[in-house]
Amino acid sequence: MPNTPRASRRSRTARTAPPLGSLTQAAHRETAACGSCGSERVTQLSMSLTDGTPVRFVSCHVCEERTWTSSSGEMSVVDVLERTRKQ
């Protein structure tokens, strides 16, 4: 194989990620509370379901309540599972 120089790679544009928050570092926590027990010890994730629906998942570390909320309001587990099925 001949020794030829490689073409330079294009640099990728860095995307600004949203803050992730933290349970252990108070300065990085987002203010949120469990809708069931009111505890602020929750984990929040923003995600898109398989069908493209953007949702916020919240899981409580105290009462173990889990909720999914879309722009149209809170979603049932059945609705979330239906939207995550591959068609």
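In this report, the structure presented in the accompanying data block is examined. Because the structure is predicted, anything quoted here is derived from the model rather than measured.

1. Some details on the nonpolar core
Alright, step 1. Counting residues in each nonpolar core, the largest one holds six residues, listed as Leu49, Val55, Phe57, Trp68, Met75 and Val80.
Alright, step 2. Ignoring any residue separated from it by four or fewer positions in sequence, one finds Leu49 in contact with Val55, Met75, Val80, Arg83 and Thr84.
Alright, step 3. If you look at the next biggest cluster of nonpolar residues, it comprises five residues, including Ala32, Cys34, Val42 and Val58.

2. Quick look at the pairing of strand β2 (residues 54-60)
Each regular strand displays side chains that alternate between the two surfaces of the sheet.
Alright, step 1. With five of its seven residues buried, β2 lies for the most part within the structure.
Alright, step 2. Pairing of strand β1 (residues 42-48) with β2 involves seven bridges; the strand directions are antiparallel. By the bridge assignment for β2, Val42 is matched with Cys60.
Alright, step 3. Where β1 folds back on β2, the antiparallel hairpin that results is connected by five residues, among which Gly52 adopts a positive phi of roughly 95°.
Alright, step 4. Sheet topology places β2 next to strand β3 (residues 66-70); four bridges connect them, and they run antiparallel. Along β3, the bridge assignment pairs Arg56 with Thr69.
Alright, step 5. Between the antiparallel neighbours β2 and β3 lie five residues, among them Glu64 with a positive phi of about 65°.

3. So, the packing of aromatic side chains
Alright, step 1. Applying the stated rule across the entire model yields one aromatic pair.
Alright, step 2. Taking 5.1 Å as the distance between ring centres and 45° as the angle between the ring planes, the aromatic pair formed by Phe57 and Trp68 counts as tilted. On the criterion of sequence distance, the pair formed by Phe57 in strand β2 and Trp68 in strand β3 is long-range, its members being 11 residues apart.
Alright, step 3. Judged by its relative accessible area of 13%, Phe57 is buried.
Alright, step 4. We classify Trp68 as buried; its relative accessible area is 15%.

4. So, the sheet that holds strand β4 (residues 73-75)
Alright, step 1. Ordered by their spatial adjacency, four strands build an open sheet running β1-β2-β3-β4, and the pairing between neighbours is antiparallel. Each of the sheet's edge strands pairs with one partner strand only, and the pair in question is β1 and β4. Neighbouring strand axes in the sheet, compared pairwise and without regard to direction, differ in orientation by 30° on average.
Alright, step 2. Running over the sheet, helix α1 (residues 77-84) touches β3 and β4 and is turned about 75° from β4.

What counts, and at which threshold
- The residue numbers shown here count from 1 along each chain, following its written sequence.
- Since the coordinates come from a predicted model, pLDDT governs what is reported: local features require at least 70, and pairs of side-chain atoms require 80 or more to be given and counted, while whole-chain, interface and lining totals use all residues.
- Just so you know, side-chain values use all the structure's heavy atoms and leave hydrogens and water out.
- In these notes, a set of buried Ala, Val, Leu, Ile, Met, Phe, Trp, Tyr and Cys residues joined through side-chain atoms within 4.5 Å is what counts as a nonpolar core.
- Throughout this description, buried means an accessible area under 20% of the type-specific maximum (1.4 Å probe, protein chains only), exposed means over 50%, and partly exposed covers the range between.
- Residues count as neighbours in contact if any of their non-hydrogen atoms are within 4.5 Å of one another.
- Only DSSP runs of H or I reaching four residues or more are called helices, and only runs of E reaching two or more are called strands; each is numbered from the N terminus.
- In this scheme, strands are said to pair when DSSP sees at least two bridges between them.
- Ring geometry is summarised as follows: Phe, Tyr and Trp rings, the Trp one being its six-membered ring, pair when their centres sit within 6.5 Å, and such pairs are stacked at plane angles under 30 degrees, edge-to-face over 60 and tilted between the two.
- Angles here are taken between N-to-C directions and fall from 0 to 180 degrees, while the axes themselves are lines fitted to C-alpha atoms, restricted in helices to the stretch in contact.

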